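Spelled out from the first residue to the last, the chains are:
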Amino acid sequence: MAFIVAIDGPAGSGKGTVAKLVGKEMNLLNIDTGAMYRCASLYMIKNKISLDNLNKIADMLKYIKIEQKNVEGTERFYLDDEDVTNEIRQKSVNEIVSQVSHIPIVRERMVEIQRQMGKSTDVIMEGRDIGTNVFPNADIKIYLDATPEERANRRVKQNLENGICIDYDEILANIKYRDNNDKTSSVAPLKQAEDAIYIDTTSLSIEEVCKKIINIIKDKKQN
Ligand code: DC
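Described in the following lines is the structure provided in the data block. Nothing here was measured: the structure is a model prediction, and the numbers come from that model.

Another aspect to go through is the site of the ligand. Taken together, 17 residues lie around the ligand, and Thr33, Arg38, Arg107, Arg128 and Asp129 are the ones closest in. Arg107 is positioned such that a nitrogen or oxygen atom in its side chain is 2.9 Å from a nitrogen atom of the ligand. One of the side-chain N or O atoms of Asp182 is found 3.4 Å from an oxygen atom in the ligand. If the ligand stood free it would expose 450 Å²; the protein chains cover 98% of that surface. Its residues placed into classes, the shell around the ligand shows three nonpolar, five polar and nine charged.

Turning our eyes to something else, we now look at the packing of aromatic side chains. The description of an aromatic ring pair rests on the distance of the ring centres and on the angle between the ring planes. In the structure shown here, the tally under the stated rule is one aromatic pair. We note Lys69 situated over the ring of Tyr78; from NZ or CZ to the ring centre the distance is 4.5 Å.

As for its position among the elements, Thr201 is in the loop between β8 (197–200) and α9 (206–222). Classification of Thr201 as buried rests on a relative accessible area of 2%. A polar contact of 3.3 Å, which involves the side chain of Thr201, links it to the backbone oxygen of Ser13. Apart from the residues lying within four places of it in its own chain, the contact partners of Thr201 are Ser13, Leu144, Asp145, Ala146, Arg154 and Val209.

Our focus in this paragraph is the layout of surface pockets. Roughly 180 Å³ of volume is contained in the second largest pocket. Met1, Ala2, Ile4, Gly118, Lys119, Val134, Phe135, Pro136, Asn137, Ala138 and Asp139 together form the lining of the second largest pocket. When the residues that make up the lining of the second largest pocket are grouped by side-chain class, the tally is seven nonpolar, two polar and two charged.

Let's shift gears to empty space enclosed by the protein. All chains considered together, the criterion is met by two cavities of 30 Å³ or more. The calculated volume of the largest cavity comes to roughly 60 Å³. In terms of lining residues, the largest cavity is bounded by Ile31, Asp32, Met36, Ile66, Glu67, Gln68, Phe77, Ile113 and Met117. Elements that contribute at least two residues to the lining of the largest cavity include exactly β2 (29–32), β3 (66–71) and α5 (104–120). Per element, the largest residue contribution to the lining of the largest cavity is three residues, and it comes from β3. Taken as a whole, the second largest cavity holds about 40 Å³ of empty space.

Side-chain pairs of opposite charge can arise whenever the charged atoms involved come near each other. All told, the structure shown has 14 salt bridges when counted by the stated rule. The salt bridge involving Glu149 is made with Lys176; its shortest N-O contact spans 4.0 Å. You can see Glu149 sitting in helix α7 (residues 148–161) and its partner Lys176 sitting in helix α8 (residues 168–184), a full 27 residues away along the chain. The exposure class of Lys176 is partly exposed, given its relative accessible area of 43%. In this structure, the salt-bridge partner of Glu150 is Arg154, at a minimum N-O distance of 3.0 Å. Highlighted residues: Glu150 and Arg154, both in helix α7, separated by four residues, approximately one helical turn. Taking relative accessible area as the criterion, Glu150 reaches 24% and is therefore assigned partly exposed. Salt bridges sharing partners connect three or more residues here, namely Lys46, Glu82 and Glu87.

Criteria and cut-off values
- Residues numbered from 1 in each chain as written.
- Predicted model: local features only at pLDDT ≥ 70, side-chain atom pairs only at ≥ 80, totals over all residues.
- Heavy atoms only, no water.
- Near = heavy atom within 4 Å.
- Polar contact = N/O pair within 3.5 Å; in protein donor to acceptor, adjacent residues only side chain to side chain.
- Areas by Shrake-Rupley, 256 points an atom, 1.4 Å probe, with all protein chains shown as cover.
- Nonpolar A, V, L, I, M, F, W, Y, C, P; charged D, E, K, R; others polar.
- Phe/Tyr/Trp six-rings, centres within 6.5 Å; stacked < 30°, edge-to-face > 60°.
- Lys NZ or Arg CZ within 6 Å of the ring centre and 35° of its normal.
- Helix = DSSP H or I, 4+ residues; strand = E, 2+ residues; numbered from the N terminus.
- Buried < 20%, exposed > 50% of the residue type's maximum accessible area, 1.4 Å probe, protein only.
- Contact = heavy atoms within 4.5 Å.
- 1 Å grid on protein atoms, 1.4 Å probe; cavity = no way out; pocket = protein on both sides within 12 Å on 5 of 7 lines; lining within 4 Å.
- Points joined across faces, edges and corners; volume = space filled by probe spheres on them.
- Salt bridge = Lys/Arg side-chain N within 4 Å of Asp/Glu carboxyl O.

The following block contains the structure:
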C-alpha cells in the first residue's frame, strides 16, 4: 500500500512550497492538484470553450494530457506536451479556475487521475479536497491556513519570482473571492477533514511548517 500525505488549505496557505520541500526530504512524490485544474482552465481559454459547454468540456477531458515533471530540480507543468508552468499562474486563469474546478465532470476526471497517481507511489498531494474526498483514508492529513492578507503577500512574492506582476490589492480580492467560492461550493467544498491536523502558518516560516510536518510523518512511520 502506498503512503499518502494529504495537504489541504486555501490559496496561499503555503501548501505548494511545503509539499515540495517535505516531499523531497521524505522521498514522497509531490503532486500539485491545483495546477491540474489550472491546466484544464488554460486549455479552455486557448480553445475558447465556455464554462457551460459541457459537451466540449467532456471532449476535452477525453484527450487532454496534463503532466507534472521535475526538470533540473524544479516542478514544471505540461499541457499537451507544452510547458505552461508560468502561463497557468496568469490572471486569465486565476479568474476562471475556481469555476472550472467546480464543474462536476472536470472534478470527477481530475480526482480519477489523482487516485491513480496515489495507487502505487508514496505521495504528498496538495489541494482542497485531498483529505476529505480524494484520499479519505490518507495516512496523514494536514490543513494549512493563514490570514488572507498574509496569503496575498506570499502570492505577490511568488509571482514576482516567476516574472509575473499582479498588484497586491487585485491578488487579495481574488484570494477572498476564491476562498468564498471554494468554501461554499456544492461540489467538494474546501473544508478541514475531521481527522486533519490544523496548522496556522501566518507567523511561521516555511522551515518551521516543514519541520512540523516532517515530524508528524516520522512519528506516523514509527508507529
Ligand atoms: O492551489 P491553486 O490556487 O493553484 O488552485 C487553483 C484552483 O483550483 C482553486 O481555486 C481551487 C481549485 N482546486 C480544487 O478545487 N481542488 C483541488 N484539489 C485543488 C485546487
